[in-house]
Every structure is written in structure tokens, then in C-alpha cells.
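Take a look at the letters that make up each chain.
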Amino acid sequence: RHDRKEILINQSKKIAPTFSPLKELILKYSSKIFIIFMLDALTGIGFFTLVIFLPAYFREYIGMTDTLTQFLSTANMLFFALTTLLGGWLSDRIGYRKTLFYPCIAFILFSYPLFQLFQTGNILSTFISQTILISAMGLFYGVIPVALFSIFPLEVRCSGISISHNISIACLGGTAPLLANYI
């Protein structure tokens, strides 16, 4: 609601476009570029690891069948969709910063122990572990658009988000399966 008022006020003032949004971004907003880079790092690494790498890992290293792997992935994508909606709802209720905080803490505290449970090969523990991780990812995805939108001022918002997001996903998200396989 606040952002709509900001947009309307700024549109009525007829803000003059900046000469070089890229130059202005680098000079004035490099810390905000880094913030979005790091937020998108979790987005990219989390998505590629949980959705793309894990099914292949379950097949190749744990020995699960294709049918079981596809079932686990499909079921967890349902949890992902539901928790994404929950993340958006929570951000409206308690604020986007608090909503971002909890999934980040969950990833820090639970990623290693849950990945260790994958090693057991037990189908139930694998499903529960993946569900916990994908649910935290869903909460994060539900609020990330609002968080990204609110970081930059209106004049450089599109340039700032697009540059930060694309560099982060290209550098970190795309290499996540490679690094996960190496580890």
C-alpha cells in the first residue's frame, strides 16, 4: 500500500530520468546490489539444489527408482506451492523482514542435518527432510518479490533488481548442482 502511494506521488512529480541508471546504481547503491545478490543467492542455490540436483542425486547415489524420485519431487512441489502462498500471507501479516528471517535461519540450522538424513536411503526420512527444506524455500519465495521491490528507490528499481538478480543467479544458482555434486 505504501509503495502504491509512493509510485503515484512520484508519477505526479514527473521525475526526470537519470542519465545513467547503471552508473547511479554502482555509485550510490552498491550495498543494496550486494543485499539482493545475497538474497538471490539463496533463491538460486536453493531452487537448483532442491528441485534439480536432489532428484538426480537420489537416483544416482541413493539408488531410488525414477518413479519414486518423481513422486517425491511432485509431492514436494505441492508443499512448495502451498508454503509459497503461506510466505506471501505471512509477509502481509508480520512483515517481509521477519518472514525472510525464519527461512534463512532454517536453512542455516537444518541444511546439514537434513542432507545427512538423505544419506540413510530411508524413503520416509528422505521425504521428510526434503519437505522441510522445500517448505522453507517456499516461505522464502513467497516473500522475496516484496523484499526485492522494497530495496531500491523507484528511479533505479528495475535496473537494480535485474542486474543484481541476474549476476547472482548466473554466478551462484547455475553452479549449485556442480558444487553439491563435488561435496
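Note: the structure precedes this text.
Right, let's walk through the structure included here. Owing to the predicted nature of the structure, the values given are computational and were not obtained by experimental measurement. (Residues numbered from 1 in each chain as written. Predicted model: local features only at pLDDT ≥ 70, side-chain atom pairs only at ≥ 80, totals over all residues. Heavy atoms only, no water.)

Before going further, it helps to examine the overall build of the protein chain. Helix and strand content of the protein chain: eight helices and zero strands. Going through the 183 residues of the protein chain one by one, you find that 37% of them count as buried. Across the protein chain, the fraction of contacts at a sequence separation of at least 24, relative to all contacts at a separation of at least 6, is 82%. Counting every atom, the protein chain has about 11000 Å² of accessible surface; 70% of that belongs to carbon and sulfur. (Helix = DSSP H or I, 4+ residues; strand = E, 2+ residues; numbered from the N terminus. Buried < 20%, exposed > 50% of the residue type's maximum accessible area, 1.4 Å probe, protein only. Contact = heavy atoms within 4.5 Å. Areas by Shrake-Rupley, 256 points an atom, 1.4 Å probe, with all protein chains shown as cover.)

Between side chains of opposite charge, a pair can form as their charged atoms come close. Tallying each qualifying case throughout the model produces one salt bridge. Asp 66 is the salt-bridge partner of Arg 59, the closest N and O atoms lying 3.3 Å from each other. Taking the relative accessible area as the measure of exposure, Arg 59 reaches 32% and is therefore partly exposed. When its relative accessible area of 46% is taken as the criterion, Asp 66 is described as partly exposed. (Salt bridge = Lys/Arg side-chain N within 4 Å of Asp/Glu carboxyl O.)

A separate point is the side chain of Ser 135. Residue position: Ser 135 is located in helix H6 (residues 123-151). Residues contacting Ser 135, with those up to four places away along its chain left out, are Phe 79 and Thr 83.

Further remarks concern the nonpolar core. Ranked by internal contacts, the top residues of the largest apolar core, which has 32 residues, are Leu 39, Leu 50, Leu 54, Tyr 57, Phe 58, Leu 100 and Phe 152. Put simply, the parts of the chain that give this core at least two residues each are helix H3 (30-62), helix H4 (66-94), helix H5 (96-118) and H6. What Tyr 57 contacts, discounting residues up to four positions off in sequence, is Ile 62, Phe 118 and Gln 119. (Core = buried A, V, L, I, M, F, W, Y, C linked by side-chain atoms within 4.5 Å.)

Moving on, we get to the packing of H4 against H6. One can describe the packing of H4 onto H6 by two numbers: an axis separation of 6 Å at closest approach and a directional angle of 35°. Crossing of H4 over H6 shows right-handed handedness. In the contact of H4 with H6, the residues fall into 14 nonpolar, 12 polar and no charged. (Axes fitted to C-alpha atoms, helices over the stretch in contact; angles between N-to-C directions. Left-handed = near helix turned anticlockwise from the far one by under 90°. Nonpolar A, V, L, I, M, F, W, Y, C, P; charged D, E, K, R; others polar.)

Following the sequence through the fold, Thr 99 ends up in helix H5. Of note is the side chain of Thr 99, whose polar atom sits 3.4 Å from the backbone nitrogen of Ser 91. Those residues within four positions of Thr 99 in sequence are excluded, and the remaining contacts are Gly 87, Leu 90, Ser 91, Ile 94, Leu 139 and Val 143. (Polar contact = N/O pair within 3.5 Å; in protein donor to acceptor, adjacent residues only side chain to side chain.)

So, to be careful, I would describe these as geometric facts and stop short of saying anything about function.
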